[in-house]
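An overview of the molecular structure
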Amino acid sequence: MYAIIKTGGKQYRVEAGLKLKIEQIPANIGSELSIDQVLMISDGENVSMGKPLLSGASVKATVLNQGRHDKVRIFKMRRRKHYQKHQGHRQNYTEIQITGISA
């Protein structure tokens with residue numbers, strides 16, 4: 001059984017027991033989350049799709065960690081113009097583990 005959820009402007013295919021890093025959610029480590037934006041649920045042959053969301057469906061998850069991704073380095077340069085710009089960015093994330101899918 002799997003579901004497709006939407007969180008942080010992105011869509012993820014999730015199953016029970018899956019660990020994934022999503023955009024940061026203000027939640028404490030060890031707390032339970034309920035994600036209500038479910039786009040599709042499939043359990044073998046039965047597929048339920050929403051228009052755009054499934055009503056009454058939810059995905060339960062546990063927060064494992066809050067952290068920051070690796071640094072992305074941005075370097076801009078114009079040759080022969082003596083222009084160089086260095087910039088970096090680290091995106092925050094929340095690591096969750098999917099505990100259950102309910103239709």
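Please refer to the structure placed before this passage.
Please read these numbers as outputs of a predicted model, since none were measured by experiment. (Residues numbered from 1 in each chain as written. Predicted model: local features only at pLDDT ≥ 70, side-chain atom pairs only at ≥ 80, totals over all residues. Heavy atoms only, no water.)

Considerations on the nonpolar core
Selection criterion: By convention a nonpolar core is built from buried Ala, Val, Leu, Ile, Met, Phe, Trp, Tyr and Cys residues, the set being connected through side-chain atoms within 4.5 Å. Only protein chains enter the accessibility calculation, which uses a 1.4 Å probe. A residue is then buried if its area is under 20% of the maximum for its type, exposed if over 50%, and partly exposed in between. Secondary structure counts use DSSP, requiring at least four H or I residues in a row for a helix and at least two E residues in a row for a strand, with both numbered from the N terminus. In this description, contact between two residues means that some pair of their heavy atoms is separated by no more than 4.5 Å.
Residues V14, V38, V59 and I96 are the most contacted members of the largest nonpolar core, which totals 20 residues. The set of elements that each furnish at least two residues to this core consists of strand 1 (2-7), strand 2 (10-15), strand 3 (19-23), strand 4 (32-35), strand 5 (38-43), strand 7 (58-68) and strand 10 (92-102). Here V59 is in contact with A3, I5, V14, L33, S34, I35, V38, I98, G100 and I101, once residues within four sequence places are set aside.

Brief notes about the pairing of strand 8 (residues 72-78)
In plain terms, the rule: Here a strand pair is declared whenever DSSP counts at least two bridges between the two strands.
Bridging between strand 8 and strand 9 (residues 83-89) involves seven bridges; their strand directions are antiparallel. Among the inter-strand pairings, V72 is bridged to a residue of strand 9, identified as H89. Count of turn residues in the strand 8/strand 9 antiparallel hairpin: four residues, of which R80 carries a positive phi of about 65°.

Description of the packing of aromatic side chains
Selection criterion: Aromatic pairing here means that ring centres of Phe, Tyr or Trp (its six-membered ring) are within 6.5 Å. Orientation follows from the plane angle: under 30 degrees is stacked, over 60 is edge-to-face, and everything else is tilted. Whether a charge sits over a ring depends on NZ of Lys or CZ of Arg being within 6 Å of the ring centre and within 35 degrees of the ring normal.
A full pass over the atoms with the stated rule returns zero aromatic pairs. Note that R13 overlies the ring of Y2, its terminal NZ or CZ placed 3.8 Å from the centroid.

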